[in-house]
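Single-letter residue listing:
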Amino acid sequence: MFKWIFNCSRKGRETVALATEAFSLRNPLFSLSKQDTFTIGNAVENVLFVGGIGSGKTTGSGRRLAMSLLSAGAGVLVLCAKPDEPELWRRYAAEAGRIQDLIEFGPRGDWRFDPLAFELTRGGDGCGHTENLVQMFSALLDLGEKDGGNGGGKEGEQYWRKAVLQLLRNLVDLAVIATGQISIPLLYQLAVSAPSSLDHVKSEEWRSRSACFKHLTEGDRRSKSASQHRDFELVADYFLCEWPALSEKTRSVILSTFTSMADPLLRGILRDLFTQGTNIDPMAIEQGKIIVVSMPLKIYGQIGLYAASLWKFAFQKSIERRDPDNQRPVVLWMDEGHFFLHPATDFLFTSTSRSSRVCNVLLTQSISSVIATLGGGPAGKAEADAYLSNFATKIFHANTDPVSNEYAAGLIGRCKQYVVNANNNYGYDDMFHTHTRLGSTSGVSEIFEYEVQPAEFSQLRTGGTANRGQVDCIVFRNGAAFKTTKKNWMKVTFSQDLQH
């Protein structure tokens, strides 16, 4: 059923109808078999690829999905881990006739994006809310922390985390109320000029040179809504009473945690790309742009991770408030995606993003990698299971990781199988010094065993010239049986492009 806009011209209504039809969830993207297709609807229920090094997941099934989505007109945000990914997507865009939509965001280009300013001014519900801005910093605070920033559940570490977020919350409110703007350099300036003692608060010298006091004065002078007035009272109490009353050690730890988090964004590449205005933002993806964050982790390290995380968070916040009349599917593509996971936001996003027509694509070498990223141990496994349950389609390639193969076999499940047993019994004849058969037994046992044994995943073809470019995988789909197999799993073969 088409969605029509009636308060416009006939031509306008026809355009909307055609666009809606082109992006219908029923539209096929590619064939899995002669009877089974993979549709846009399947894509926006999220897709997980698991395969070891050289398994062909990127060049086989991954390439087929990427090219199909590009041909369908999807907008894409690509986070890069490997050095060759920008070139790979350049080639994809050219082959799909979409090279004019390609935007490579990185230090070699002229594109700029200020995520804080975008979140403050983008419009729509939730625009400018302090907690959304703080959550962005919280995501940066978590980067590189093995347990996802949860402090391993230790009460002391939880306190420091909450204290840093409290500082951030007050910095954001002070900047927005006093200036109507926000930037990382401004937040840093406010933080380092806050009073370090109650004597400072009374000091005319401190007041005359402190950016924090200057903005407190400006915030007090400015007209404010009733809500802002209440917020500003909390901000003033925090900086003039609570913050300077903290012990020197406590205050220095909180401040140092914030400044160390902001420091990469105040210098070099990240400063130039993310604090110097905006000429591209995530809303371009809704219009069909292909934004490649061209800062691969293998080259740029932690800086690349910061860049990818800022884009991912801003994209997630923006796309969930997209214009409901815009039916174009959009894609968040993460090869070696376990590097980019953020448990505080990704689980919620993948569980609800279907309604925004988002296809989350995660390619990873193993389930073990995902578990390790989420902290390892039973808690990490539980988080990984919960997160991966949001991917309705799972595509398993060749793998030597026992955890991945057991995971795949467990998803497919067990079935009733019959095992035939036969035994012959022999005895020794002392008189003739020979072995004599005394009898035999046979029977049939009923067992429940894996329908696909874990070992079978390590025997799938991996493409390349030795396999004539043929890449095998097992596709698992939640909730619906394939027509070909009458089961919710099916072995599928994809062909590589051996010319590249």
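Anything mentioned here points back to the structure above.
Note that the structure is a prediction, hence the values are computed from the model and not measured.

Comments concerning the overall build of the protein chain
Per the secondary structure count, the protein chain includes 21 helices and 13 strands. A burial count over the protein chain gives 49% of its 500 residues as buried. Taking the intrachain contacts of the protein chain between residues at least 6 apart in sequence as the baseline, contacts between residues at least 24 apart amount to 71%. For the protein chain, the accessible area works out to roughly 23800 Å², and carbon and sulfur atoms hold 52% of it.

What to know about the pairing of strand β9 (residues 393-396)
Of the two faces of β9, the one carrying Thr 393 and Ile 395 and the one carrying Lys 394 and Phe 396 are both buried. Note that β9 and strand β12 (residues 470-477) share four bridges and pair antiparallel. If you follow Phe 396 over to β12, its bridge partner there is Ile 474.

Section: the packing of helix α11 (residues 211-221) against helix α12 (residues 226-245)
Interhelical geometry of α11 versus α12 gives an angle of 155° and a closest axis separation of 11 Å. With respect to their mutual orientation, α11 and α12 come out roughly antiparallel. When you trace α11 past α12, the crossing you get is left-handed. Facing α11, whose interface residues are Cys 212, Leu 216, Gly 219 and Asp 220, α12 presents Phe 232, Val 235, Ala 236, Phe 239 and Leu 240. A per-class count over the contact of α11 with α12 returns seven nonpolar, one polar and one charged.

Some remarks on the side chain of Ser 309
Tracing the backbone through its elements, the reader meets Ser 309 in helix α17 (residues 302-319). Among the polar contacts made by the side chain of Ser 309, one reaches the main-chain carbonyl oxygen of Leu 305 at a distance of 2.8 Å.

Here's the deal with the environment of Ala 314
Mapped onto the elements of the fold, Ala 314 is located in helix α17. For Ala 314, a relative accessible area of 1% corresponds to the buried category. Each C-alpha atom of the pair Ala 314 and Pro 282 lies 6.8 Å from the other, and the pair is 32 residues apart in sequence.

Side note on helix α3 (residues 58-71)
Among the 14 residues of α3, ten are classified as buried, and the element is accordingly described as predominantly covered. Among all positions of α3, only Thr 58, Gly 60, Ser 61, Gly 62, Leu 65, Ala 66, Met 67, Ser 68, Leu 69 and Leu 70 are buried. Downstream of α3 by one or two residues, Gly 73 has phi in the positive range, about 90°.

Some thoughts on the environment of Arg 98
You can see Arg 98 is positioned in the loop between α4 (85-95) and β5 (102-105). Among all residues touching Arg 98, those that are not within four sequence positions of it are Leu 69, Leu 70, Gly 73, Ala 74, Ala 93, Gly 288 and Ile 290.

Calculation notes
Residues numbered from 1 in each chain as written. Predicted model: local features only at pLDDT ≥ 70, side-chain atom pairs only at ≥ 80, totals over all residues. Heavy atoms only, no water. Helix = DSSP H or I, 4+ residues; strand = E, 2+ residues; numbered from the N terminus. Buried < 20%, exposed > 50% of the residue type's maximum accessible area, 1.4 Å probe, protein only. Contact = heavy atoms within 4.5 Å. Areas by Shrake-Rupley, 256 points an atom, 1.4 Å probe, with all protein chains shown as cover. Pairing = 2+ DSSP bridges. Axes fitted to C-alpha atoms, helices over the stretch in contact; angles between N-to-C directions. Parallel < 35°, antiparallel > 145°, perpendicular 65-115°, else oblique. Left-handed = near helix turned anticlockwise from the far one by under 90°. Nonpolar A, V, L, I, M, F, W, Y, C, P; charged D, E, K, R; others polar. Polar contact = N/O pair within 3.5 Å; in protein donor to acceptor, adjacent residues only side chain to side chain.

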